[in-house]
Amino acid sequence: MSAFKGTKNYIASPELQEIVSVAFDLEKPLLIRGEPGTGKTVLARAVAESLSLPLLTWHVKSSSKAQDGLYVYDTVQRLNDSRFGTGDVQDIKKYIKLGPLGQAFASPTRSIVLIDEIDKADIEFPNDLLHELDAMSFAIPETGETITARQRPVIIITSNAEKELPDAFLRRCIFHYISFPEADEMKNILKVHHPLVDQKLVSQALLRFYWLREQSEIRKKPSTSELVDWIGALVRGGIDVKQLEKEVPFLGVLLKKESDIQALKSGARKTSRY
Ligand SMILES: Nc1ncnc2c1ncn2[C@@H]1O[C@H](COP(=O)(O)OP(=O)(O)O)[C@@H](O)[C@H]1O
Ligand SMILES: [Mg+2]
């Protein structure tokens, strides 16, 4: 394959580059874990872009069922059509709507499927997908059709690790944990989002940011996405390096819990570091 190197908008660590390429070559689903905001969701877009393949996204919700990713049979529409005489209700095919996995299997070309936040659904969800992920095929009993992938899609699954995933599911995946970027890598990520910002300001902001993440009293640590927003806020607010040495302006861009803001302020009063 053409190896994945990230894109101009997505900075991928060497380990991530490698594991994406391995999953692609072995045709196995790639399970990505990591703190919120570490670029799990945007990774799929970057992979699709760099390989010039279409991306199909499935945002998993607590109510999601594995079946929905394959197809749904729109019985409500069919009932409406039969009531109001607005369509040919005998043509059941018309009421079969393929989900993201179904579309990827049916597509004549290879595609990328993002199954985003798989841990949001209940524990049965990954188990219910096992067969289809193995066979890359599923039946639609309503129409008697079977849809089989001509080319195995590249499947990227993300998890915030809210729940443990079943062993049988893990066995079928290739796994990668996106560790939180260190300052040098973070600088590269920030360059993507704020190419013109003064690097001295960025360095000082990073000192502040990593210091904040180390404060044990903070429960919801700020992540990459908050940092990207914060740098934007600093620029808009005309904050300079000197000011950043003294305070943390726009704290609400970084910390999203009242208790964290309070904890930081009271901790700071004691140590006079904030
Ligand atoms: N490696 C990266 N390269 C470029 N931008 C990144 C990277 N990691 C995170 N980001 C930024 O952080 C934001 C959050 O990323 P996202 O994929 O939504 O995180 P997650 O899905 O892990 O919670 C993205 O919109 C992007 O702007
Ligand atoms: Mg995400």
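For the structure itself, consult the block above.
All figures in this text were calculated on a predicted structure; none of them were measured in a lab.

## Some remarks on the site of ligand 1
Taken together, 15 residues form the shell around ligand 1, and within it Ile11, Gly37, Lys40, Thr41 and His193 come nearest. The contact in question runs from an oxygen atom of ligand 1 to an N or O atom on the backbone of Thr38, over 3.1 Å. Between Thr41 and ligand 1, the recorded distance is 2.8 Å, taken from a side-chain N or O atom to an oxygen atom. Protein contacts shield 82% of the accessible area of ligand 1, which totals 560 Å² for the unbound molecule.

## As for the pairing of strand β5 (residues 112–116)
β5 sits mainly inside the fold: 5 of its 5 residues count as buried. Here β5 shows a buried face lined by Ile112, Leu114 and Asp116 and a second buried face lined by Val113 and Ile115. Bridge analysis of β5 against strand β8 (residues 154–159) gives 4 bridges, and the strand direction is parallel. Residue pairing for β8: Ile115 is matched across the bridge by Ile157.

## Digging into the layout of surface pockets
Computed from the structure, the largest pocket encloses a volume of approximately 670 Å³. Looking at the largest pocket, it is lined by 36 residues, and the ones nearest its centre are Tyr10, Gly37, Thr38, Gly39 and Val42. Counting residues per element, the ones that place at least two in the lining of the largest pocket are α1 (14–26), α2 (40–51), β9 (174–177), α8 (183–193) and α10 (224–236). By residue number, the principal contributor to the lining of the largest pocket is α2, which donates 6 residues. Here the lining of the largest pocket is composed, by residue class, of 14 nonpolar, 14 polar and 8 charged.

## What to know about the sheet that holds strand β2 (residues 55–59)
An order of β2-β5-β8-β1-β9 is seen for the 5 strands of this open sheet, with the pairing classed as parallel. Across the chains shown, the open sheet's two edge strands, defined by having one partner strand only, are β2 and β9. Neighbour-to-neighbour, the strand axes of this sheet turn through a mean angle of 20°, independent of strand direction. Summarising the sheet, β2 and β5 pair through 5 bridges and their orientation is parallel. Paired with Leu56 across the two strands is Val113, which belongs to β5.

## Considering α8
An α-helical turn contains 3.6 residues, so any two residues separated by three or four positions project in the same direction. Within the sequence span of α8, burial applies to Met186, Ile189 and Leu190. For α8, the angular spread of the buried residues around the axis is 100°, confining them to a single face. Where α8 is buried, its residues touch α9 (199–214) and α10.

Here is what the cut-offs are and how they apply
- Counting of residues starts from 1 at the beginning of each chain's written sequence and follows it residue by residue.
- Working convention: letters from A go to chains and numbers from 1 go to ligands, in the order in which they are written.
- In view of the model being predicted, local features appear only for residues whose pLDDT reaches at least 70, and side-chain atom pairs are presented and counted only at 80 or more, with totals across whole chains, interfaces and linings using the full set of residues.
- Side-chain numbers here rest on the full set of heavy atoms in the structure, without hydrogens or water.
- Only heavy atoms are used to decide nearness, and a residue is near a molecule or strand if one of them lies within 4 Å of it.
- Side-chain atoms alone can form a polar contact between residues adjacent in sequence; in general such a contact is a pair of N or O atoms within 3.5 Å, and within protein one must be able to donate a hydrogen while the other accepts it.
- The accessible surface values rely on the Shrake-Rupley method and a 1.4 Å probe; as for residues, cover is taken only from the protein chains in view.
- With a 1.4 Å probe rolled over the protein chains alone, any residue whose accessible area is under 20% of its type maximum counts as buried; one over 50% counts as exposed, and the rest are partly exposed.
- Think of it this way: any DSSP run of H or I at least four residues long counts as a helix, any run of E at least two long counts as a strand, and we number them from the N terminus.
- Here a strand pair is declared whenever DSSP counts at least two bridges between the two strands.
- Here the term cavity refers to a set of points on a 1 Å grid, laid over the protein atoms alone, in which a 1.4 Å probe fits but cannot get out; the term pocket refers to an open set having protein on both sides within 12 Å along at least five of seven lines, with lining residues being those that place an atom within 4 Å of a point.
- Grid points are joined across faces, edges and corners, and a volume is the space filled by probe spheres set on the points.
- Classification used: nonpolar for Ala, Val, Leu, Ile, Met, Phe, Trp, Tyr, Cys and Pro, charged for Asp, Glu, Lys and Arg, polar for all others including Gly.
- All axes here are fitted lines through C-alpha atoms, helices being fitted over the stretch that makes contact, and every angle between N-to-C directions spans 0 to 180 degrees.
- When we speak of the arc, we mean the arc of directions from the helix axis to the C-beta atoms.
- Contact between two residues is taken to exist if any of their heavy atoms lie within 4.5 Å; hydrogens are not considered.

The analysis is restricted to geometry; functional conclusions fall outside its scope.
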